[in-house]
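Close look at the chain arrangement
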Amino acid sequence: MEQVNFSRVGERMYHRVLENGLNVFVFPKPEFRKGYAFFATNYGGMDMRFCLDGEWHQTPAGVAHYLEHKMFDTREGNALQELAANGASPNAFTSSAITGYYFESTEKFEENLRILLSFVSIPWFTQESVDKEQGIIGQEIGMIEDNPDWKVFMNLMAALYKSHPIRVSVAGSVESISRITADTLYACHKAFYDPANMVLCVAGNVDPEHICDVAREILPKEAGPIAVKDYGEKEPDRAAQSVVETAMEVSTPIFQLGYKGDVPEKGEGGLKQQLVGELAMEALVGNSSPLYAKLYREGLINQNFSYGYESYPGCSFLYAGGESRDPYAVRQAVADEAARIGREGIDAQLWERLKKGVYGAKVRSLNSFENLCVGQAQAFFAGFDFLRFADLFASVTKEDGEKLIENWVTGERTALSLVTPKRGKEA
Amino acid sequence: MSQVKRRELFPGVWLRAVHTDKFKSAYLSVTLMSPLDPETAGANALIPSVLRRGTAVHPDMESLSAALDGLYGGAIEPAVRKKGETQCVGFAASFLDDAYALEGEQILEPAAALLGEVLLKPYTQNGGFSPDYTAGEKANLLDRIRGQINDKRTYATHRLTQLMCGEEAFGVDKLGDEAHVEAITPASLWQRYQQLLREAAVEVYYCGSAQPDRVEAAMRSALAGLPVNGDRLDPDCEVRISAGPEPRVVEEAMDVTQGKLAMGFRTGGLTCWEEDYPALVLCNAIFGGTTLSKLFLNVREKLSLCYYASSVLEKMKGLVLVSSGIEFDKYQQARDEILAQLDNIRSGKIEDWELEGARRTVISGHLATLDDQARQEEFWLGQAAAGLDETAEELAARFEAVTREQVMEAARKLELDTIYFLKGKED
């Protein structure tokens, strides 16, 4: 197996592409009791329109997530149950870009891995079992729609993007999921759950070759065709809408500010853009930036303030948000600070300190097997190795950060999403 | 292998040091433990946030953040927790482990010193807390208290606890209440701070690559400013053996799309100090503690009565709290079904896989604690509050011997005390 050393952060990664096209990544951790396995497909909530075997398909919003729920059904019963009976903690998630299934266990790791690979690769549902799920997912949709943090974020996506499918909720709506049938699910499984479109990442006290052997044994022997995805026309730089507001039962106004970024390159260019984006946000509004201290002092933000950079195929954005009595003032203050940085540049000492800080936080986050495995899976689909950040980090300059702020934090690229308290609710 | 040492740094000030090479970070926490009391809870909860605003050496958040960035992005976060009827306030800190510093510098000593500085050398004005910082953090704390209503799932459990334990210290929220927080002044907070430093039992935790002797020296020096007191308070917890004659039922209406049903049981005096505590843990796991539980598989999956249904055990207080999300008109059905599932455990309708699955999950959970610094810290803080010294491994071993009859016995002790139902508003 190919062995890649990331000596700076004390990690070793084994990699092999199996005969069926599956990419396997293993991080051996002999000193840990638990093992973690993450099996993911490059298929998420935004992959609604795709072409397979020369034929275009338009599927309802929420299929990837629906499929995730139904994959746990097996001929024998339910894989969650089987895994849990071995003391494993299994779960799954669907994001806009990927669907991942995982478990953590301290006992019977190999047996659990077989169960994981088997239930994810073998669809087993009937129209009846699919119909029954409508109620559960309908409830889940109801629950997230009650969540103001979710609402403010979804509204931001819809404000930033004109047509990119990132603006569609991963779970879909009660209406869209009512159009999902067993046939839809089988078709999407066939299109996206081929080993060649998937990745297996494992961390724990395991033998990398042995992981490959188990995968070879359980999964299909040969690679099948992979669907081609379509995210619609190229997005303009401009935000589709500058303000979106909704009222919910919250005590303080909640807001998210978004700044539309450039389409990330596939490969290490995308990683570089991510590192620059993260550092730029630290310099602009981060915990040790001058603006953060000012906003906090003036009571315009509180501890629930968070910020960052996110990217998906075909889009990227900066975001900052939390609770504020005056979100418009926060938006103005960020715009003013971006203009100041444009004139004066980022303080050189601040920049070096931020780099050290972000680097340490990133290395610390590697404690989590989940971060390591999910990070590598996402990075692989985006065309790079997750742990490359440790080497690339040094090459990010202050000028990179300034340029990104100048280009992205502009009036036309900005959107503000607000959730305000319902009238009469505030005492 | 990791090695755990417990040492008394000063009278009533204890260090628990875990020596291990397996993490990228060093984890440090300092916790002041005092009895949960409505008069002091709000002030206690406020103290760490005010302290975190600035110190005599680093008078504002900017300079504190800069100091943390200089230590590779270390984090010192205010922590306010509730363990039984003990309120635990202080700081949890995470720093890059010395092994990963880019220039081979030592991080533990300056990190410990900074933590001690934040706790013991606050930024003061006229010999007390800064009115500015106090007012700002007071407003934040009030927002958090008022904001508890935003997450309806947590809110329902919160209301249940309040209703159920209205006359017990456990009914006091870890953040205190609005009225008491409103009344806090810089002077009253300063007084409470001095009292807390003098009277609270202090628990210090470390997990990382440094030898216990080195940690002890670093923490002794960092905490040298603590008042000397041979008579610090011991944590305590009142346990009510039985529920009232009739379960209390409380319904409230809010503007939500999904109803929340919470049910509270008393465990008949069975708590973490009892010989048959492991049977209670397995009983809760079979009932609603895992994805293999009766509530999850039957109430949620099989009957589709709710989106989620789970139970948690309050091990010191002797409570089992059920939390579920349901459609409004399913109230009676869901309630009856939850009780029916408990009756099944009482009468021994427990499949072998249910018992073994619960056992494996609980054992795995305890062993996996050793692989996560924050979870380990949480575990040891709970043990300190309970006055127990058993390790997670020792506790895990006790679950192996639990029999079906013991689980049935534990289930028979559960008595329904209170039902809380959060429903929608009728238009």
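Quick notes on the rules
Residues numbered from 1 in each chain as written. Chains lettered and ligands numbered in written order. Predicted model: local features only at pLDDT ≥ 70, side-chain atom pairs only at ≥ 80, totals over all residues. Helix = DSSP H or I, 4+ residues; strand = E, 2+ residues; numbered from the N terminus. Buried ≥ 20, exposed ≤ 12 C-beta atoms within 10 Å, placed from the backbone. Contact = placed C-beta atoms within 7 Å. Rg over C-alpha atoms; globule rule 2.2 N^0.38 Å. Nonpolar A, V, L, I, M, F, W, Y, C, P; charged D, E, K, R; others polar. Pairing = 2+ DSSP bridges. Axes fitted to C-alpha atoms, helices over the stretch in contact; angles between N-to-C directions. Domains from an automatic or database assignment. Expected span 1.5 Å × (residues − 1). Core = buried A, V, L, I, M, F, W, Y, C linked by C-beta atoms within 7 Å. Parallel < 35°, antiparallel > 145°, perpendicular 65-115°, else oblique.

1. Details of the overall build of chain B
- Within chain B, the secondary structure is distributed over 15 helices and 13 strands.
- Taken along its principal axes, the extent of the C-alpha atoms in chain B is 60 × 55 × 40 Å.
- Out of the 427 residues belonging to chain B, those deemed buried represent 56%.
- Contacts spanning at least 24 positions in sequence make up 81% of the contacts within chain B whose residues lie at least 6 apart.

2. Quick look at the overall build of chain A
- Of regular secondary structure, chain A possesses 15 helices and 17 strands.
- The C-alpha radius of gyration computed for chain A amounts to 22 Å, which stays within 12% of the reference 22 Å derived for 427 residues, consistent with globular compactness.
- Projected onto the principal axes, the alpha-carbon positions of chain A cover approximately 60 × 50 × 45 Å.
- Among the 427 residues that make up chain A, the fraction classed as buried is 53%.

3. A few points about unusual backbone geometry
- One non-glycine residue, K108 of chain A, adopts positive backbone phi at about 50°.
- Tracing the chain through its elements places K108 of chain A in the loop between β10 (99–105) and α3 (109–121).
- When the 18 C-beta atoms within 10 Å are taken as the criterion, K108 of chain A is described as partly exposed.
- At Y72 of chain B, a position not held by glycine, the phi torsion is positive, near 55°.
- One can find Y72 of chain B in the loop between α2 (61–70) and β4 (75–83).

4. Structural notes on the interface of chain A and chain B
- Contacts between chain A and chain B engage 52 residues on the former and 51 residues on the latter.
- Broken down by element, the residue count for the side of chain A that touches chain B peaks at 10 residues, all from helix α12 (residues 348–364) of chain A.
- Looking at the side of chain A that touches chain B residue by residue, the class counts come to 18 nonpolar, 19 polar and 15 charged.

5. Some details on the sheet that holds strand β8 (residues 201–208) of chain B
Residues and elements named next belong to chain B.
- The six strands are arranged β1-β2-β8-β3-β5-β4 in an open sheet whose pairing can be described as mixed. Each edge of the sheet is formed by a strand with only one pairing partner; in this case those strands are β1 (3–10) and β4. Neighbour-to-neighbour, the strand axes of the sheet open up by a mean angle of 20°, direction not taken into account.

6. So, the domain arrangement of chain B
All names here are of chain B.
- Here chain B is partitioned into domain 1 (3–222) and domain 2 (248–424).
- Using C-alpha coordinates to define each centre, domain 1 is positioned 29 Å away from domain 2.
- Residue-level contacts link 27 residues of domain 1 with 26 residues of domain 2.
- Of all the secondary structure elements, the ones that give two or more residues to the side of domain 1 that touches domain 2 are β2 (13–19), β3 (25–35), β5 (86–96), α5 (152–164) and β8.
- Per-element tally for the side of domain 1 that touches domain 2: the top contributor is α5, with eight residues.
- Residues belonging to the side of domain 1 that touches domain 2 are distributed by class as follows: 14 nonpolar, six polar and seven charged.

7. Remarks on helix α7 (residues 186–199) of chain B
- Relative to the 20 Å expected for 14 residues at 1.5 Å per residue, α7 of chain B spans 20 Å between its end C-alpha atoms, a close match to the ideal helical length.
- For α7 of chain B, the elements touching its buried residues are β3, α1 (41–51), β7 (128–129) and α4 (131–147) of chain B.

8. Some thoughts on the pairing of strand β3 (residues 23–28) of chain A
Residues and elements named next belong to chain A.
- As paired strands, strand β2 (residues 11–17) and β3 are joined by four bridges and run antiparallel to one another. Bridge assignment links Y14 to a residue of β3, and that residue is V26.
- The loop that links β2 with its antiparallel partner β3 comprises five residues; one of these, G21, has a positive phi angle of about 95°.

9. Section: the nonpolar core
- The biggest cluster of nonpolar side chains holds 277 residues, and the ones touching the most others in it are L284 of chain A together with L115 and L282 of chain B.
- Not counting chain neighbours up to four residues away, the residues in contact with L284 of chain A comprise S289, L291, V334, E337, A338, I341, I405 and V409 of chain A.

10. Quick look at the sheet that holds strand β6 (residues 55–58) of chain A
Residue and element names in this part refer to chain A.
- Spatially, β6-β5-β12 is the arrangement adopted by the three strands of the open sheet, whose pairing is antiparallel. Each edge of the sheet is formed by a strand with only one pairing partner; in this case those strands are β6 and β12 (228–229).
- Bridging between strand β5 (residues 49–52) and β12 involves two bridges; their strand directions are antiparallel. Opposite C51, over in β12, you have V228 as the bridge partner.

11. Regarding the environment of R33 of chain A
- Turning to its location among the elements, R33 of chain A is positioned in the loop between β3 and β4 (35–41).
- When the C-alpha atoms of R33 of chain A and F389 of chain A are compared, they prove to be 27 Å apart, with 356 residues separating the residues in sequence.

12. Here we look at the packing of helix α12 (residues 352–368) of chain B against helix α14 (residues 392–399) of chain B
All names here are of chain B.
- Relative to each other, α12 and α14 sit at 170°, their axes nearing to 8 Å. In terms of axis orientation, α12 runs roughly antiparallel to α14. Residue-level inspection shows R359, V362, I363, H366 and L367 of α12 in contact with α14, the latter providing A392, E393, L395, A396 and F399.

13. A look at the domain arrangement of chain A
Residues and elements named next belong to chain A.
- Along its sequence, chain A is carved into domain 1 (2–229) and domain 2 (243–421).
- Each partner contributes residues to the interface: domain 1 has 34 residues there, and domain 2 has 35 residues.
- Elements with a contribution of two residues or more to the side of domain 1 that touches domain 2: β1 (2–6), β2, β3, β4, α5 (148–160) and β11 (198–204).
- Counting residues per element, the side of domain 1 that touches domain 2 draws most heavily on α5, at 10 residues.
- Here the residues of the side of domain 1 that touches domain 2 are counted per class, giving 24 nonpolar, six polar and four charged.

14. What about the pairing of β1 of chain A?
All names here are of chain A.
- Across the five residues of β1, zero count as buried, placing the element largely on the outside.
- Relative to β2, β1 runs antiparallel, the two being bridged by five bridges. Each residue of the ladder has a partner; that of V4, found in β2, is M13.

15. Some thoughts on the environment of K425 of chain B
Residue and element names in this part refer to chain B.
- Tracing the chain through its elements places K425 in the segment after β13 (415–424).
- Between the alpha carbons of K425 and T55 there is a distance of 48 Å; along the sequence they are 370 residues apart.
- Excluding residues that lie within four positions of it along the chain, K425 makes contacts with A253, M254 and D255.

16. Notes on the environment of D230 of chain A
Residues and elements named next belong to chain A.
- Its location among the elements puts D230 in the loop between β12 and β13 (243–248).
- With 184 residues separating them in the primary sequence, D230 and M46 have C-alpha atoms 9.3 Å apart.
- In contact with D230, not counting residues within four places along its chain, are R49 and F50.

17. Some thoughts on helix α11 (residues 327–344) of chain A
Residue and element names in this part refer to chain A.
- Taking 1.5 Å as the rise per residue, α11 with 18 residues should run 26 Å; its terminal C-alpha atoms sit 25 Å apart, in good agreement.
- Residues of α11 that are buried sit in contact with β14 (254–260), α9 (268–285), α10 (290–297), β16 (315–323), α15 (398–408) and β17 (414–421).
- The positive-phi residue at the C-terminal boundary of α11 is G345, with phi of around 80°.

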